[in-house]
Amino acid sequence: MSTTTESGKPVVRFAPSPTGYLHIGGGRTALFNWLYAKGRGGRFLLRIEDTDRERNNPAAVAAILDGLTWLELDWEGEPVSQFAQAPRHREVAEALLASGNAYKCYLTAAELDEMRKAAEAEKRPLTIRSPWRDRDPAEAPAGVPHTIRLKAPREGETVVDDRCQGRVTFANKDLDDLIILRSDGNPTYNLAVVVDDHDMGITHVVRGVDHLTNAARQTQIYNAMGWRVPVWAHVPLIHGADGAKLSKRHGAQGVEEYRSMGYLPVALRNYLVRLGWSHGDDEIMSTEQLIQWFDIDDINKSASRFDFKKLDDLNAHYIRQSDDAELVRRVRDMLPHLDFVALAVITPDPKAPPRSDIALAREVASVLPDVQTGADLAQRFEAKGWDRFAAAIPSLKERAKTLADLVSGALYLVAERPLKLDEKAAKLIDAEAKSLIGGLLPQLEAASAWTAADLEAAVRTHAETTGAKLGKVAQPLRAALTGRTVSPPVFDVMAVLGRDEAIARLKDHMS
RNA sequence: GCCCCGUUCGUCUAGUGGCCCAGGACGCCCGCCUCUCACGUGGGUAACAGGGGUUCGAGUCCCCUACGGGGCGCCA
């Protein structure tokens, strides 16, 4: 399974621990790795860090793969299960023991506890110094289980030459002999990572800075095995808007939440890549450009804060740029992930990110009270025909920040007659409006063509002959046709609705 | 507590000793466009954490302080 890299092309990996979802920060790490590999003809591999049996959960693994797939980050081959490599990890631990680079340690939990307490009492940093490092194993107490510890150097320093963090040195006296094999015979994380990265032929390790000290420990294992240390790149973390570690209360941790909020993968990628990395003043970059331009040397060292406003702007840009068929496909893919009933009861924190999925849920609750989930709503659109939705998209996508906005803007299509008008819309339909529309109706019924351009011409003429401003007639039309004061251009709305439906909606409000 | 790392407009960032009385983007504010909302467009607001050095010259180099973050498991 061992691969060499005579080609000089990088082999990188993304190695998430299966926690149940793909963390947004992990998504960016995966993106960095993916871009680096793609840009250099390298390989992007996946490994699941499931050494801990409790994390060995197929559903959690599936969620991560699903997240990566949605983000459109493809990996090579089957994901490696770290847990499955345990025998090989043990083998390496034995080899280290045999070469004198590791030793059996009979320290008990109670003894360790004592050392910890003593260190605390003396206000001195705790560094475990196992007496078994130099003690004759023959003196080992019978029946006491042992761990295997690395015989780490105590003098000098361990250097992590990092492409992102620079040259970081750790004094070996501060690093204790880490356990590589637990007393139950299972490998620990640091051993497993080193062995797997070596066996997978990983040349560059790109991961979060929270692993920086692990890099020092892992370097000691590489050295003890005489293996080549990979190139390190420890990237800064992403924080919430308040600067604290990104957590649930910041809105969204898992990439699947961004999917259900209506973000496009291409937009999320563009947003994420600019967190900690830049290419001059470039903001909107195609995937091809990113692949060409991305380099780990250009990643910053400081953490960044997540800003939904900017993500929204990027997402709006990519929605405008997407073709209509793709947007329909995206909406149909997203809808099943929405539960309007659950969303509608969320009280948005005014300081929290704007949630257009929540806004949509409220809209649905008021306009289509019997619709409970995205799947229900999808059926409504299905019944009208998705082509009607597609026809509405050109004018809708100009003003949508998210796919949820697109759906919300298209709600007028599936609304039931007679339309329930919102408060502002109802106020627009006064006596004057009724008379204007009443005068217009016969012309509409007689109109030879029902296109936006023809309708606009007809309405403009009607406005001129009656001496009314265009807004005086357009606004009430909008209100009667959509139930709202805000919508795409009203002539587009009429065209999409079709003659019969449009005229019927107008008549509904004439009495 | 100890060990590492960081700190440029509200936010993401450009900037690698003179091109910077600091540029771009998002946001925000004021116009224009306009059937509403957007888009687009014109303009505006706003930052080198603080203090010492080095240098003819510092956002850029060095030191200290403050603040922030990460790590200190037989978790990953």
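Residues numbered from 1 in each chain as written. Chains lettered and ligands numbered in written order. Predicted model: local features only at pLDDT ≥ 70, side-chain atom pairs only at ≥ 80, totals over all residues. Heavy atoms only, no water.

What am I meant to see in helix H8 (residues 265-273) here?
Since one α-helical turn is 3.6 residues long, residues separated by three or four positions face the same way. When you tally the buried positions in H8, you get eight out of nine residues, the bulk of the element. Those residues of H8 lying buried are Pro-265, Ala-267, Leu-268, Arg-269, Asn-270, Tyr-271, Leu-272 and Val-273. (Buried < 20%, exposed > 50% of the residue type's maximum accessible area, 1.4 Å probe, protein only. Helix = DSSP H or I, 4+ residues; strand = E, 2+ residues; numbered from the N terminus.)

Hey, could you run me through the pairing of strand E6 (residues 157-162) in this one?
If a strand is regular, its side chains alternate between the two faces of the sheet. Here E6 shows a clear split, with Thr-158, Val-160 and Asp-162 buried on one side and none of Glu-157, Val-159 and Asp-161 buried on the other. As defined by bridge partners, E6 adjoins strand E7 (residues 166-171) across six bridges and the pair is classed as antiparallel. From the neighbouring strand, Val-159 faces E7, where its bridge partner is Thr-169. In sequence, E6 turns back onto E7 through a hairpin of three residues. (Pairing = 2+ DSSP bridges.)

Even after reading the chapter, I still don't get the environment of Asp-282, so can you show me in this structure?
Residue position: Asp-282 is located in the loop between H8 and helix H9 (287-293). Placed 140 residues apart in sequence, Asp-282 and Ala-142 show a C-alpha to C-alpha distance of 66 Å.

Is there a simple way to think about the pattern of salt bridges in this case?
Pairing between side chains becomes possible if they bear opposite charge and their charged atoms approach one another. Scanning the entire structure with this criterion turns up 35 salt bridges. Here Arg-13 makes a salt bridge to Asp-197, at a shortest N to O gap of 2.8 Å. With Arg-13 in strand E1 (residues 11-14) and Asp-197 in helix H5 (residues 189-199), this pair connects stretches of sequence that are 184 residues apart. Taking the relative accessible area as the measure of exposure, Arg-13 reaches 4% and is therefore buried. Here Asp-197 falls in the buried class, since its relative accessible area comes to 1%. A salt bridge links Glu-76 to Arg-43, with the nearest nitrogen and oxygen atoms 2.7 Å apart. Of this pair, Glu-76 sits in the loop between helix H2 (58-70) and strand E3 (80-81) while Arg-43 sits in strand E2 (residues 43-48); the two residues are 33 residues apart in sequence, bridging distant segments of the chain. Using a relative accessible area of 37% as the deciding quantity, one classes Glu-76 as partly exposed. (Salt bridge = Lys/Arg side-chain N within 4 Å of Asp/Glu carboxyl O.)

Interpretation note: all reported values are geometric properties and have no functional meaning in isolation.
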